[in-house]
Amino acid sequence: MIGKIKAKSMNNDNLRMFMGKYGIGLVLLLMMVVIGIMEPTFATSKNFMNVATQVAINGMISYGMCLAITTGGIDLAVGAQLALTSCVLGVTITNSGMNVWTACGVALLVATFFGFLNGFLIAKFNMFPFVVTLSTQLIIRGLSQVISGGKAISLTSDAFKGIYSDKFLGMPIPIVILIVISIIMYLLLHWTKFGRYIFAVGGNVNAAIASGVSEFWTKVGVYTVSGFLAGVAAIIFTAKTGSAQSNIGVGYETDAVAACVLGGTSFAGGIATIPGVLMGIFIIGFIYNGMNLIGVSSYYQSIVKGCVIIGAVLLDMVMNKRNR
């Protein structure tokens, strides 16, 4: 009898470990099969390439959000940072006639600075990340409106638009950027000392400090990286639309959070994988793409996204409770 109980417990533990490692992949595969059956045009290489190109924007933001959540925080300013970076691009390229690549560098510096500012306020004064990033979101959005005058700024530079429309080795540049950033983020989080510090601070900050980990520089670094990635997302987005606007990026933080929690990033902190977040990014992308192909209203798409986030968070809570 005792042997049967132990065997059952071991089986349950093995199932949880399996689902923890491969569950998100199974969900992604199952969803693709179901949508493919409902809408045959979904399962085409052309459509997959289209989805991959579109999710590159959310991918940049989601990776930064993953780092923030892993340290036990959150970054609600990423959508506003995207808008500000876009407006800086519009002003520097169109209004000032600055070289495209110089303008991109300036825009990335602006986004990175506000990421650094978020991290500094959170780490230096032990402020709640939710409050800090919500407040800076309002400030950054306001600056975007001041810079642009509340109007859309058209970008006519073919070189800049090529960032979204051109191809490299037959592959759209946004996908190339997503692949490169994914590799860098994987190495950063899973193979560097900085990545280990991120997990340590999110898992048990007091133990991390006692082990010599700098909580201040870890959090500053995390939000700085998040700001930089929001800037990269803004460059791709602005090149796609050919217009800089102060009202873009609204709600992008929720898509990023959804991708993270679907990918196994725990709100309890200290748990995350870059491959998981990447699959979460594609799940969100396929949900939108599939519902658009099927003809589901955008209103229902928002409901589905909200339900997906709640379900993922509940699953995370259940898994953590069982592990404890």
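This one's a predicted model, so the numbers in the text were calculated from it and none came from an experiment.

**Section: the overall build of the protein chain**
Secondary structure summary: the protein chain contains 13 helices and 4 strands in total. In the protein chain, of all internal contacts separated by at least 6 residues, the share reaching a separation of at least 24 is 79%. Only carbon and sulfur atoms are counted for the fraction: they give 69% of the accessible area of the protein chain, which is about 15,900 Å².

**Section: the pattern of salt bridges**
Using the criterion set out here, one finds 1 salt bridge in the structure. Ionic pairing is found between lysine 219 and glutamate 215, a salt bridge with its closest N-O pair at 2.9 Å. With lysine 219 and glutamate 215 both in helix α10 (residues 215-241) and 4 residues apart, the pair spans about one turn of that helix. Residue classification places lysine 219 among the buried residues on the basis of a relative accessible area of 14%.

**A few points about unusual backbone geometry**
If you check the backbone angles, asparagine 126 has positive phi at about 55° while not being a glycine. Considering the arrangement of structural elements, one finds asparagine 126 in the loop between α4 (100-124) and α5 (129-148). Of the residues examined, asparagine 126 reaches a relative accessible area of 63% and is grouped as exposed. Phi at leucine 169 takes a positive value of approximately 55°, unusual for a residue other than glycine. For leucine 169, the position within the fold is in the loop between β2 (167-168) and β3 (171-172). For leucine 169, a relative accessible area of 78% translates into the label exposed.

**Notes on the state of the cysteines**
The tally for this structure, following the rule as stated, stands at 0 disulfides. The structure places no disulfide on cysteine 260, whose sulfur is separated from the nearest cysteine sulfur, that of cysteine 66, by 5.1 Å. The class of cysteine 260 is buried, set by a relative accessible area of 0%.

**Here's the deal with the side chain of threonine 53**
Secondary-structure assignment places threonine 53 in helix α2 (residues 45-70). Owing to a relative accessible area of 8%, threonine 53 belongs among the buried residues under this scheme. If sequence neighbours within four positions are ignored, threonine 53 has contacts with Tyr164, Pro172, Pro174 and Ile175.

About the thresholds
Residues numbered from 1 in each chain as written. Predicted model: local features only at pLDDT ≥ 70, side-chain atom pairs only at ≥ 80, totals over all residues. Heavy atoms only, no water. Helix = DSSP H or I, 4+ residues; strand = E, 2+ residues; numbered from the N terminus. Contact = heavy atoms within 4.5 Å. Areas by Shrake-Rupley, 256 points an atom, 1.4 Å probe, with all protein chains shown as cover. Salt bridge = Lys/Arg side-chain N within 4 Å of Asp/Glu carboxyl O. Buried < 20%, exposed > 50% of the residue type's maximum accessible area, 1.4 Å probe, protein only. Disulfide = S-S within 2.5 Å.

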